[in-house]
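Architecture at a glance
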Amino acid sequence: MSESALRAETRAELEQLSGVELLVGIPSYRNAATITHVVETAAAGLARYFPDQLGLVLNSDGGSDDGTPEAVRAARLPAGVRALSAPYQGPSGKGTAVHALFEAARLLGARACVVLDADLRSVTPEWVARLAGPIVAGEADYVAPLYTRHKYDGTITNNLAYPLTRALYGVRVRQPIGGDFGVGAPVLATYLAQDVWHTDVARFGIDIFMTTTALAEGYRLHQAALGAKVHDPKDPAASLGPMFRQVVGTLFALMARYARRWQAVQGSAAPPTHGTPLPGEAEPVAVDHEALVHRFRDGLATQGARWEQVLAPETFAGVAALAAQSADAFRFPAELWVRVVYDFAAAYRHAGDSSALLDALTPLYFGRTAGLVNDTATMDVAAFEAYLDQQALAFERDKPYLLARWSDR
Ligand SMILES: Nc1nc2c(ncn2[C@@H]2O[C@H](COP(=O)(O)OP(=O)(O)OP(=O)(O)O)[C@@H](O)[C@H]2O)c(=O)[nH]1
Ligand SMILES: [Mg+2]
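Residues numbered from 1 in each chain as written. Chains lettered and ligands numbered in written order. Predicted model: local features only at pLDDT ≥ 70, side-chain atom pairs only at ≥ 80, totals over all residues. Heavy atoms only, no water.

So, about the coordination of the magnesium ion (ligand 2). Around the magnesium ion (ligand 2), the protein contributes the donor atoms Asp119 (OD) and His231 (ND1), at 2.2 to 2.3 Å from the metal centre. Taken together, the positions of Asp119 in the loop between strand 4 (112–115) and helix 5 (125–136) and His231 in the loop between strand 7 (221–228) and helix 9 (236–239) put the pair 112 residues apart, joining distant regions of the chain. There is no split in this pair, since Asp119 and His231 are both buried. (Donors = N, O, S within 2.8 Å, 3.2 Å for Na, K, Ca; no water. Helix = DSSP H or I, 4+ residues; strand = E, 2+ residues; numbered from the N terminus. Buried < 20%, exposed > 50% of the residue type's maximum accessible area, 1.4 Å probe, protein only.)

Structure below.
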């Protein structure tokens, strides 16, 4: 079993508090510029929507040197809500920060824990109501966010985490790695009982671990409509490589664990969704599609031999042929991408070196992202959602191929 992520001092401090029923947890690393607003908004949400329940806002920080803990302490709080900032211990990463929050929630005996990202700009008090409300009402065990995001914010979600989770577990969770969640005490206990806290779950694998585990363990998952997600987004070409490896590595690892669950699932359905979208516009995210195509071509040169080992011959041939396209006309058909993902998922199960396998998949993800950007350049939000729905259906339709690949490797 892994070590506690809660430090002894934090544990002692929490033990002084009694009767906390709702915890809002905020993982952070160097978020001094944005976290005060998140703390104040979370506290306002607790006070306004749950006036009869004692609430606590807890920041779990990764040792920021930019004044993040001080920014938490500077927050103005309504009567009846406290806020604390505490460093966690253990492997650095978002997942360890959340691990400490879950341990804190269990220690306090809280009924529900809401997790909010520290870089949020569009959070409102209603987010707390919508993420915790269905749990407090006894209707849901786990609440995932549903936001309006710009087309190119969330490329790991759109190309992989959403369609694969939907095809595997049969639930259309549109934001399985959104970062803002509501978790009830039983689900939280299930998470804490898993021996995963030294893996990529300690880093950016945490969100997909939470959603997948909730689904595969049969908990009631609902969605909460939150409106726009405005945060500090990242250009996928510039900075999403490590996050991609951690999310996808965790997703693939959980496929082995829950094979019996997903093998029995056909088709998919939307989960119950609470609330109408809150007003607000998503900020455009710039994507350097030439850099993405370049990373893909570079991948063919450096990882081509591994692609050839992992992919079925016709899939490898299809992928290799893409490299001849110019960046502006670059296309990567969804059906081909589905085959790539399924071949890699099946190979991951037996891979001696899983990190080399994820390295090989990363440039293919960049290629598919470039293809998606070119396919959808002129689309509005509704057309873009329809496009993603088609891609997700392609994952569902081709699931028999995954089942066959999974068992014959
Ligand atoms: N404690 C801690 N928190 C982290 C670490 N990395 C990220 N976080 C927190 O996790 C939350 C999400 O991180 P972001 O970098 O915004 O990631 P994201 O929004 O999921 O990713 P994008 O969609 O790519 O922008 C923020 O609150 C971060 O402060 C870390 O190493 N340690
Ligand atoms: Mg963010």
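From this point, things continue past the structure.
Its domain assignment divides the chain into domain 1 (8–274) and domain 2 (289–407). Facing 33 residues of domain 1, the contacting portion of domain 2 comprises 37 residues. Summing both partners gives a buried area of about 3,100 Å² for domain 1 against domain 2, and 66% of it is carried by carbon and sulfur. At the junction of domain 1 and domain 2, the tally comes to 4 salt bridges. The interface formed by domain 1 and domain 2 includes 19 residue pairs in polar contact (both at pLDDT 80 or more). Ranked by the residues each element gives to the side of domain 1 that touches domain 2, the list is headed by helix 6 (residues 155–169), at 11 residues. (Domains from an automatic or database assignment. Contact = heavy atoms within 4.5 Å. Buried area = accessible area lost by both parts, 1.4 Å probe. Salt bridge = Lys/Arg side-chain N within 4 Å of Asp/Glu carboxyl O. Polar contact = N/O pair within 3.5 Å; in protein donor to acceptor, adjacent residues only side chain to side chain.)

Neighbouring ligand 1 are 22 residues; Pro27, Ser28, Asn31, Ala118 and Asp119 lie closest to it. Between an oxygen atom of ligand 1 and a side-chain N or O atom of Asn31, the distance comes to 2.5 Å. Gly62 has a polar backbone atom sitting 3.4 Å from a nitrogen atom of ligand 1. Protein burial of ligand 1: of its 640 Å² of free accessible surface, 87% is covered by the chains. Mapped by element, the contributors of at least two residues to the shell around ligand 1 are strand 1 (20–28) and helix 4 (94–108). Here the residues of the shell around ligand 1 sort into 9 nonpolar, 6 polar and 7 charged. (Near = heavy atom within 4 Å. Areas by Shrake-Rupley, 256 points an atom, 1.4 Å probe, with all protein chains shown as cover. Nonpolar A, V, L, I, M, F, W, Y, C, P; charged D, E, K, R; others polar.)

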